[in-house]
Amino acid sequence: MKIIYNIKRNLRLILAVCFAGILAACGGGSSDTTITAPVAAAPSVILTVPAKKIPIVAGVATNLNITAKFSQAMLASSINPTSMKVSCPSGTPFTDTVTVTYDAINRLATLKHTTLFPASTTCVATITTAAKNLAGVGLAKDYVWSFTTGSSPDVTPPTVIARSPINAVTGICLSKDVVVTFSEPMDSSTITAASFN
């Protein structure tokens, strides 16, 4: 009888220890039910045209639009001439006929200008922390890069340098995508069902 009593007592002790461990793993039995929402990660700039390099890119066409690709979908209203700007020359805001557009599908912001950048000049492009993702989180810090313009605008038309499927090939799967590669970066807003069909 004493053996049975000891087994029961030990079993209760083991169960109590296990229950205490389970409570600790679940937050110690605390009555605090506050759930902290995860903090949304800040977006970042992952690609620019002209590129961000050291030494800085030189010979940039004076009519080239400035483009940046983001790591996340962005709030279109936050992509504007206040959050994306260029100084050309450095330290002198370039505001002549500037518009900023956002391509949500490709996560691309483009600063367009109809007045040419000054020739042979170092310019500084900036995307500020006012550029925000869909959760309202801005860039962690301003994204800044420089480039030097060349002597003239780019007047050479782009060309298609690769395509798939190739010309005149037969037996292509009906669901295959049609893909082309251009000779230079393109303005995504001009690639539409009207220009590519």
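None of these values were measured; they are calculated from a predicted model.

Extensive coverage of strand β6 (residues 108-113) is indicated by the burial of five of its six residues. Where strand β3 (residues 66-70) meets β6, four bridges bridge the pair, whose relative direction is antiparallel. Residue pairing across strands places K69 opposite L108, the latter belonging to β6. By the bridge criterion, six bridges tie strand β5 (residues 98-103) to β6 in an arrangement that is antiparallel. Looking at the pairing, T99 lines up with K112 of β6.

A few words now on a nonpolar patch on the surface. On the surface, a cluster of nonpolar side chains totalling about 320 Å² of accessible area is made up of V178, M186, I191 and F196. Position of F196 relative to the elements: it lies in the segment after β10 (179-182).

The topology assignment puts A109 in strand β6. Taking the C-alpha atoms as reference, A109 lies 8.2 Å from I66; in sequence the two are 43 residues apart. In this view, A109 contacts I66, T67, A68, F70, I79, M84, T101 and Y102; residues no more than four positions away in its chain are not counted.

Take the packing of aromatic side chains next. In total, this model carries three aromatic pairs according to the counting rule given. For the pair F94 and F117, a centre-to-centre distance of 4.8 Å together with 65° between the ring planes defines the contact as edge-to-face. Of this pair, F94 sits in the loop between β4 (84-87) and β5 while F117 is found in the loop between β6 and β7 (122-127), placing the two residues 23 residues apart along the sequence. Of the two residues, F94 and F117, neither departs from the other in class, the shared state being buried. Plain terms: the ring middles of F117 and F147 are 6.1 Å apart, the flat faces sit at 50° to each other, and that makes the pair tilted. Separated by 30 residues along the polypeptide, F117 in the loop between β6 and β7 and F147 in strand β8 (residues 143-149) bring together distant segments of the chain. Each member of the pair, F117 as well as F147, is classed as buried. Grouping aromatic residues by their ring pairs yields a cluster made of F94, F117 and F147. The ring of Y143 is capped by K52, whose NZ or CZ atom sits 4.3 Å from the centre of that ring.

The rules behind the values
- Residues numbered from 1 in each chain as written.
- Predicted model: local features only at pLDDT ≥ 70, side-chain atom pairs only at ≥ 80, totals over all residues.
- Heavy atoms only, no water.
- Buried < 20%, exposed > 50% of the residue type's maximum accessible area, 1.4 Å probe, protein only.
- Helix = DSSP H or I, 4+ residues; strand = E, 2+ residues; numbered from the N terminus.
- Pairing = 2+ DSSP bridges.
- Patch = residues over 30% accessible without salt bridge, like charges linked within 9 Å, V, L, I, M, F, W, Y side chains within 5 Å.
- Areas by Shrake-Rupley, 256 points an atom, 1.4 Å probe, with all protein chains shown as cover.
- Salt bridge = Lys/Arg side-chain N within 4 Å of Asp/Glu carboxyl O.
- Contact = heavy atoms within 4.5 Å.
- Phe/Tyr/Trp six-rings, centres within 6.5 Å; stacked < 30°, edge-to-face > 60°.
- Lys NZ or Arg CZ within 6 Å of the ring centre and 35° of its normal.

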